[in-house]
Amino acid sequence: MGVFGRSGILAAFVVALMTLLPQNPRLSQNPHRDDLLANLSSGKTRVLDLSYAINDKLVPWPGDTRWFEAQVNSTVEKNGNFTRSFWMLEHYGTHLDAPIHFPPGKVPVDKIPAKQLFGPAVVIDVRAEGSKDADFLLPAAQVEDWEKRHGRIPEGAIVLLRTGWAARWPDAQRYRNQDAKGRMHFPGFSVEAVKVLLERKVSGLGCDTLSTDFGASTDYAVHHLALGAGLYQLENLTDLGEVPEVGAFLVVAPIKLEGGSGGPVQVFALVGGEKQRINEITK
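Residues numbered from 1 in each chain as written. Predicted model: local features only at pLDDT ≥ 70, side-chain atom pairs only at ≥ 80, totals over all residues. Heavy atoms only, no water.

With that settled, consider the overall build of the protein chain. Each helix and strand counted, the protein chain has nine helices and 12 strands in total. Put simply, 73% of the contacts in the protein chain that link residues at least 6 apart link residues at least 24 apart. Roughly 14100 Å² of accessible area belongs to the protein chain as shown, and the carbon and sulfur atoms make up 54% of that amount. (Helix = DSSP H or I, 4+ residues; strand = E, 2+ residues; numbered from the N terminus. Contact = heavy atoms within 4.5 Å. Areas by Shrake-Rupley, 256 points an atom, 1.4 Å probe, with all protein chains shown as cover.)

Bringing the pattern of salt bridges into the picture now. Across all of its chains, the model carries nine salt bridges by this definition. Between Arg66 and Glu69 there is a salt bridge; the shortest N-O distance is 2.7 Å. Judged by relative accessible area, which is 39%, Glu69 ranks as partly exposed. A salt bridge links Arg200 to Glu147; the nearest nitrogen and oxygen atoms lie 2.7 Å apart. Highlighted residues: Arg200 in the loop between α7 (191-199) and β9 (204-207) and Glu147 in helix α5 (residues 140-150), separated in sequence by 53 residues. What makes Arg200 buried here is its relative accessible area of 12%. Given the relative accessible area of 13%, Glu147 is considered buried. If you follow the salt bridges from partner to partner, you end up with Asp125, Arg127 and Arg162 in one network. (Salt bridge = Lys/Arg side-chain N within 4 Å of Asp/Glu carboxyl O. Buried < 20%, exposed > 50% of the residue type's maximum accessible area, 1.4 Å probe, protein only.)

This next bit is on the packing of aromatic side chains. Applying the stated rule across the entire model yields five aromatic pairs. With a centroid separation of 4.1 Å and 10 degrees between ring planes, the pair formed by Tyr52 and Trp169 is classed as stacked. Here Tyr52 is found in the loop between β1 (46-49) and β2 (68-74), whereas its partner Trp169 is found in the loop between β7 (158-162) and α6 (172-176), with 117 residues between them in sequence. Of the residues examined, Tyr52 reaches a relative accessible area of 18% and is grouped as buried. Given the relative accessible area of 12%, Trp169 is considered buried. With a centroid separation of 6.4 Å and 55 degrees between ring planes, the pair formed by Trp61 and Tyr220 is classed as tilted. With Trp61 in the loop between β1 and β2 and Tyr220 in the loop between β9 and α8 (221-228), the pair connects residues that are 159 residues apart, well separated along the chain. The exposure class of Trp61 is partly exposed, given its relative accessible area of 29%. Positioned above the aromatic ring of Trp87 is the side chain of Arg66, whose terminal nitrogen or guanidinium carbon lies 3.8 Å from the ring centre. If you follow Arg168 out to its NZ or CZ, it ends over the ring of Trp165, 3.8 Å from the centre. (Phe/Tyr/Trp six-rings, centres within 6.5 Å; stacked < 30°, edge-to-face > 60°. Lys NZ or Arg CZ within 6 Å of the ring centre and 35° of its normal.)

A separate point is the confidence of the model for the protein chain. Predicted confidence across the protein chain gives a mean pLDDT of 89, with 84% of residues reaching 70 or more. Overall, residues 18-30 carries pLDDT values under 50, and its contacts beyond four positions in sequence, including any with other chains, amount to 23 contacts. Across residues 276-283 the pLDDT falls below 50, and counting only partners more than four positions away or on other chains, this stretch makes 13 contacts in the model. (pLDDT = per-residue confidence, 0-100.)

Residues of α8 that are buried include every one of Val222, His223, Ala226 and Leu227, and no others. The arc that holds every buried residue of α8, seen down its axis, measures 105 degrees, which confines them to one face. Packed against the buried residues of α8 are β4 (95-97), β8 (188-189), α7, β9 and β10 (232-235). Taken from the residues just after α8, Gly230 is the one with a positive phi, measuring 95 degrees. (Arc of directions from axis to C-beta.)

Further remarks concern α7. Side chains three or four residues apart in an α-helix point the same way, a direct result of the helix having 3.6 residues per turn. The set of residues buried in α7 consists of Ala193, Val194, Val196 and Leu197. Buried residues of α7 fall within an arc of 155 degrees about the axis and therefore sit on the same side. Contacts from the buried residues of α7 go to β6 (137-138), α5, β7, β8, β9 and α8.

Where nonpolar side chains cluster on the molecular surface, the patch consists of Val72, Val76 and Phe82 and spans about 300 Å² of accessible area. You can see Phe82 is positioned in the loop between α3 (76-79) and β3 (83-88). (Patch = residues over 30% accessible without salt bridge, like charges linked within 9 Å, V, L, I, M, F, W, Y side chains within 5 Å.)

Here we come to unusual backbone geometry. A negative phi holds for most residues other than glycine; trans holds for most peptide bonds. A cis amide bond, omega 10 degrees, links Pro103 with the succeeding residue Pro104. For the bond from Trp169 to Pro170, the omega torsion is 0 degrees, close enough to zero to count as cis. Within the secondary structure, Pro170 sits in the loop between β7 and α6. Even without a glycine there, the phi angle at Lys201 is positive, about 65 degrees. Inspection of the secondary structure puts Lys201 in the loop between α7 and β9.

Along the chain, the position of Asp97 falls in strand β4. Although Asp97 lies buried, it forms no salt bridge, and the closest oppositely charged side chain, Arg176, sits 15 Å away as judged by the N-O distance. Here the side chain of Asp97 touches His223 through a polar contact of 3.3 Å, side chain to side chain. In contact with Asp97, other than residues within four places in its own chain, are His91, His223, Leu227, Tyr232, Gln233, Glu235 and Ser261. (Lys, Arg positive; Asp, Glu negative; His and termini not counted. Polar contact = N/O pair within 3.5 Å; in protein donor to acceptor, adjacent residues only side chain to side chain.)

Structural data, given as structure tokens:
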């Protein structure tokens, strides 16, 4: 799709969304939403792509032996056009976990309600903690601390855990951070924190690591809890350094694969203001 076509679709979506947002109470705590949408065409609102381009050099889950293949079907020289076919795992690269991925979840990716794929971003920064303890679990108290600074997490929010692990991508050894026994080590959500977020009625969780559960998990308790409650999960997001803790708006665009347990996804963050990384703002 050309640049005009892609931007035109986004612009059309934004126009439609602007007519809905003022009547949507779940977004009432995002004071920048109107400016974000109104300033999109002027460039004052930036659109950040939080997804990695798909190829065969991304970091697969340990044990996967085949993850992505592409082949040319036709060329301009021989056929007058260029096309390819590809095969890939549903859970590879930047991807979405649908509720059906883990029991007791039931909903496949194509049945996730469209309204659940749009919402205000809540970014919880655990880079400092994760740099000291690779097995760090986000505690419920840190969610509550976020609310003391920014207000109650609104219904329909999409909560992103910023661990800083994207700086290790795409070095599989550093990103997985496996020990001598093959167990991975990277930060994640705790069950207690997710229970608080479920009380807030958020739409989804996301992280810049391989999993919303911490790397050493063996029971994947967060997957069972969050997906079982109807949330989706965004994993292997790119560097979240330009996404503020509050004030951004997310657009989640997964592949609509019938019956799918998940699939590749593009995640866009609408961010206002001048380009400035969070670690520069907080210095």
